[in-house]
Each structure stands twice: as structure tokens, then as C-alpha cells.
Protein chains: 2
Amino acid sequence: MQNSTRSESPIQLRSLGSFHIGGSIARLEDRPQLELTPVPGSPSIRIDPNGSFPFGQMYVQYARLESPRSPWPIFLWHGGGLTGACWESTPDGRAGWQSFFLRSGLDVYACDAVERGRASWSRYPDIYPSEPFFMPQHAAWELYRVGRPDGFSDDPALRSGFPGGLFPVHDFDAFTRQIVPRWSSNDALIQAAYGELLLREGPCILLAHSQGGGFALRAALAHPEMVKALVLVEPGGAPDLTPSDIASLVGIPTSTVWGDNVQAVPFWAAARAKSDAIMESILRHGGKAHTMDLPAMGIRGNSHLPMMDENSDEVAGHIRDWLRQNGLLD
Amino acid sequence: MQNSTRSESPIQLRSLGSFHIGGSIARLEDRPQLELTPVPGSPSIRIDPNGSFPFGQMYVQYARLESPRSPWPIFLWHGGGLTGACWESTPDGRAGWQSFFLRSGLDVYACDAVERGRASWSRYPDIYPSEPFFMPQHAAWELYRVGRPDGFSDDPALRSGFPGGLFPVHDFDAFTRQIVPRWSSNDALIQAAYGELLLREGPCILLAHSQGGGFALRAALAHPEMVKALVLVEPGGAPDLTPSDIASLVGIPTSTVWGDNVQAVPFWAAARAKSDAIMESILRHGGKAHTMDLPAMGIRGNSHLPMMDENSDEVAGHIRDWLRQNGLLD
């Protein structure tokens, strides 16, 4: 069975549930009937593709504590190719950050962005303008910084991650089962739904990973009063910030978290440089900006997925401590 | 905010997590590079579609109690067009059956079948043989028996459900946000993953809705020792059973649950007839087969979605009581 946590005290929940938020209704008319062939060689079936379809909504699953130790929930926004499942368990079956933050006293809202996971997705090119793309395993290996390109093999026994790397390489296949298709054309829909979420369910502590970090920064700029703290775990896709943007962020305690081997992947080296520049700007303007550079803290080997690495609880513990130091959690 | 359940005692969880199970790895080679245009008019980007891709896996989210009152968890298998989100909250924000069964003392495993929700989905026609279809709102209105076809309108204010119907019609749009695309060509993959789940995580109490009922019956036939009880909520897609199939089911206490207005929709009238015939066969062979005919019990107005209807807790209560009567729950 999965993680056994008998030694710990139970998580006492007041409620567990979910909702969808955001989006609109698209009406398709006059589309020709579709002839679908369920299986090659089978008779075709006729489908009427016309009617009304919700689109642009996202999914939010909440676990609320009987006795939270913060007035604000933590919202978990996943990165590209992933869903809220990335926070639940590690690929090797340990408890994930959802459990960690619940046990730390925070209500947890785990989100699936528009088009991913339980948020559902929509017809293209009728509703989404483009087709999706699918991440092959070798690309995930590189993008999530499990190891160098030549360390990947289709044969799990022949894979080797970065020396000293903490991603559970033996469970890389298990990890890749949670990867979902994505579109490059839906950023505005995704951002709008996140904005609606903040307005309806905020204020919150906002923790975002990778691509989610870009959405989180933009959401914080649009609704700074709804973000009590911003934790950006290896943020990607950060916007170019104007001086007035920086002024909006100055009131929000912000921390980035960066793992190891960042310089080995040009995409992440560039994202790191941008992230550092943003943090420096916030500091220069008198804001609270903290960079959790894990290797500089003596913590070596983290991949782009610290919530799944072998020291996932240790990394989460540093985030929890930083929230406490900023008065956001008892 | 969503459902407030302050008056109830907390749900005490030992663990909360998830995993993916089932499926295999597909290798795509020699596919031409894709030219994707993210947004009409934008420069195109080049994507290499080749590599290794997991496919055929499903998603399972477990919530395990500190002190369960049954040795067996309840597995919740959703129906067509839906995901495990259907069990979490009702469209009008009340606690769903996931919470109900947790509060009743059962560990709950909520599943997303292959191709749906957090299970992810795969390229077609390269991996899945056919294209998906998307359910328009008017089709959902009819299929889920919210009301007669002429009771649907694109304008929410002009909709009227069945007289005395218990589906929260004012939140029909909210409900349809959770509908996901589906394929008609993946039944074997779906069935195989469910089988792996039973073998690895069973025995269980298996509660399945609609299309999930057909998968549950086939899974129980394949692995009867892994199913301690079978609850089929408005089952669709039931297989044709042989006498030896019936013999396999005789050892499993089985209950169906049927709502109101079944005869108003020919598809469900036929499914009901088939379901009743199966239950009669099991009874005739000496098995424990129970039909929860809600209207015959004086409970009028249930749709095809009793887990979302206004009396969702009442219906779940009858299921809980039946489990208790069969010695499956203290």
C-alpha cells in the first residue's frame, strides 16, 4: 500500500470537496454531423457536435481543517504538464505536500488549471484555437531536471539521473503517468480562471510551481490584496515587470525556491536569472523577497520537482518555517 | 463558501494521497515534426511528437481514516462523461458521497477512469484509435435525466426539470463544467486498469455509477474474490451474463439503485430492464440481490445523478444501511 503514516496524528478535516470556477459557455451551431469509427473496422456512429459547452473553467479541490493555524488557506497551483495530483503523493508513494501543509495547519486548495485534469478540456479548433501537445518521457526527463539527456533510456534499468540527484528515478515511469496534454494557446483562459478563484476564495497563501509561477505572479499583480504570501517554486514564464508592477508586489512577502543543476538546462538557467532579477527589484523597492537557493543552503540534488524528491518534506519544512517567520502560520 | 459542516464531527484521516495504476508505454517513431500555431496569426512552433508515452493508466485518490469501521475501503467508480469529482461536492455546494462514506466509517478511493480527468489521455489516432466526443448541455440534460428535452434552454432562467425533480436545476451549468470528453474506443483499456486496481488494492466494496456499473460488473466477474459488495447506481452498459457469470456473482451481495422518471428516457428504461433481469438471475441462483427502487420506496424525483440530487445524503444513507445489514460496515 501507499504511504503509511500511522506514527503521525490524524489530519482532522472539517470538510473535503471541490468546485469548478471560471469560464463561459460556447455555442456551436451548424457543424456537420460527425461520423466516428469507435474501433478500426467497426461500424461508424453519428454524433451531433452542436450545442452549448462550458469552457475555460478550472477545478479546485479543498481540504479544510477542523482547526487551521492560519486564517488563510494555501492554494497550490501546479506547473506545465501536471495537475493538482502532483501535490498528493510522491511517485514512490510517500505523502505529498498537500498532506504536509494540512499537517502544518493550513487549509489546502489544490487546483487543476483550465484544460488539465479534472478541469476538463474543449474541442479544437472550434473552441481552443490550436491542438495540444504531448510530452514524451525523454522531454520530461530533461525539463523536470531528473538527469542529463544521455541519462535517459526507454529501459528503466538503464536510466541514471544527475549524480546525487534526489528525484526517485526508479519511479520515473510512475511519475510520467500523471503528465497531461497541454495547449500553448490558452494562457488567457487559465489566467482569467485563476483570477476568479482569488477574487471568490481569497485571500490566500499562494504556492505555485514552474509554469504556475507565471500565472501566480500575474494573478498577484492583478489582485495583490488577495495574496498574503507568494511562494514560487522554480517559477517559469514570469512576466516582464514594470516599476509599478514591482510596487504592487512590495506588500506581499515572496519567496522563490530553486533546486540543483539549474545551470545544466539553459531554459531553467534563464528562468532562474529572471526570477532572481524580480526578487532583487522587490528588495530594492523595500519589499520582502527571499530566495531559497537550496544548494546554497547545503541541500544538494533537488530536481525541478522538489515536491516529489526524496527530501520533499525537508523542502516543504523550509517553506513552512518561512511562512511562520512572516507571521502567516502559527 | 462551499458546504459548511461545522455541526458535524471532523473527518479524521490517517492519510490522503493518490496514485496512477495500469497501462503501458507506447513508443512513437518516425512521426513527422508537428508545426503548431499557438494562436491564429502567431508564428508556428515545432514539436517533435516522437518518444515514449505512458497510456492506459487510471488515477486513484484515496482518503484513509484513522479508525475505519470496515476492513474494506469503498471504491467509487464514476459514470460516462464524469470523473471522481462527481463524488466530492454537489453542484450546489453540499458535501458529496466521498464525505458521506468517510463519515460513515469507510476509507474512500475515488477513481478517474483511463482517459478522464487526472488519469490523462493520449494522442489519437496514434495511441487511441478514434477521436473523442464532447457532450453538449442539452444531451447531458436528457442523459442525466434532469428533465424532458423541451425543459432545457440555453437560458438558465428558462429551464425546467421534471416535475418534483430533485436535481439542483439552478446549478445545472455548474454541473456541466465537470463533464469531460470521452472516447468510445477505450473500453478494454479502462477495464484492464480497473482490474489491476482490484488486484493490487482489493478486496473492496465497489460502488459504481452508470457506465461505471458495466465496468464494475465485468471487474467483479473477473475478480470476484476482490469484491465484498457491489452497489450499482443506475448501471449502464451491463454485459450479457452467462449462467457461469451469474454463479460468480452469487457470492457477492449486490444492490442496484434506481431513481425516478426512468421510463421517460428509452435508454435508461432499457438499462433498467437489463439490470432487473440480472438481479433476478442472481436471486434465482441463491445470491443476495437487492433492488433499491427509490420511487417504490416512496422517494420521488431522483435524477440519474442521485449523488448530486437534493436528497443525496438520504440515498447514500440507504446504501450505508444496506452495507450494515450485510455485515460490511459497523
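Residues numbered from 1 in each chain as written. Chains lettered and ligands numbered in written order. Predicted model: local features only at pLDDT ≥ 70, side-chain atom pairs only at ≥ 80, totals over all residues. Heavy atoms only, no water.

### Here we look at the interface of chain A and chain B
Here is step 1: In this complex, chain A contributes 82 residues to the contact, which on the side of chain B involves 81 residues.
Here is step 2: Buried area between chain A and chain B, summed over both chains or domains, comes out near 6,800 Å², and the portion from carbon and sulfur atoms is 53%.
Here is step 3: Of all residues in chain A, A:Arg118, A:Trp121 and A:Arg177 give up the largest surface area on contact with chain B, accounting jointly for 12% of the area buried on that side.
Here is step 4: Along the contact surface separating chain A from chain B lie six salt bridges.
Here is step 5: As a salt-bridge pair, A:Arg27 and B:Asp154 come within 3.3 Å of each other at their nearest N and O atoms. (Contact = heavy atoms within 4.5 Å. Buried area = accessible area lost by both parts, 1.4 Å probe. Salt bridge = Lys/Arg side-chain N within 4 Å of Asp/Glu carboxyl O.)

### Overview of the pattern of salt bridges
Here is step 1: The tally for this structure, following the rule as stated, stands at 34 salt bridges over all chains.
Here is step 2: Salt-bridge contacts for A:Arg103 lead to A:Glu8; the nearest nitrogen and oxygen are separated by 3.5 Å. One end of the pair, A:Arg103, is in helix H1 (residues 97-103); the other, A:Glu8, is in the segment before strand S1 (11-21), with 95 residues separating them in the sequence.
Here is step 3: A residue is classified by how much of its surface remains accessible, and A:Arg103, at 23% relative accessible area, is partly exposed.
Here is step 4: Here B:Arg116 ties to B:Glu115 by a salt bridge, and the two come within 2.9 Å at their closest N and O atoms. For the residue pair B:Arg116 and B:Glu115, the accessibility class agrees, reading buried in each case.
Here is step 5: Taken together, the salt bridges that share partners define one network made up of A:Arg31, A:Arg123 and A:Asp126. (Helix = DSSP H or I, 4+ residues; strand = E, 2+ residues; numbered from the N terminus. Buried < 20%, exposed > 50% of the residue type's maximum accessible area, 1.4 Å probe, protein only.)

### Some details on the pairing of strand S5 (residues 51-55) of chain A
Residue and element names in this part refer to chain A.
Here is step 1: When you tally the buried positions in S5, you get five out of five residues, the bulk of the element.
Here is step 2: With five bridges connecting them, strand S2 (residues 24-28) and S5 associate as antiparallel partners. Along S5, the bridge assignment pairs Leu28 with Gly51. (Pairing = 2+ DSSP bridges.)

### Section: the packing of aromatic side chains
Here is step 1: In this structure the tally under the stated criterion is 45 aromatic pairs over all chains.
Here is step 2: Where A:Phe172 meets A:Phe175, the ring centres are 6.1 Å apart and the plane angle is 50°; that geometry is what we call tilted. Of this pair, A:Phe172 and A:Phe175 are both found in helix H3 (residues 172-176), three residues apart, which corresponds to roughly one turn of the helix. Taken as a pair, A:Phe172 and A:Phe175 share a single burial class, namely buried.
Here is step 3: Taken together, A:Trp121, A:Tyr124, A:Tyr128, A:Phe134, A:Trp183, B:Trp121, B:Tyr124, B:Tyr128, B:Phe134 and B:Trp183 form an aromatic cluster joined through their ring pairs.
Here is step 4: In this arrangement the basic side chain of A:Arg200 is found over the ring face of A:Phe19, its NZ or CZ atom lying 4.6 Å from the centre. (Phe/Tyr/Trp six-rings, centres within 6.5 Å; stacked < 30°, edge-to-face > 60°. Lys NZ or Arg CZ within 6 Å of the ring centre and 35° of its normal.)

From the geometry alone we can't say anything about function, so treat these as descriptive.
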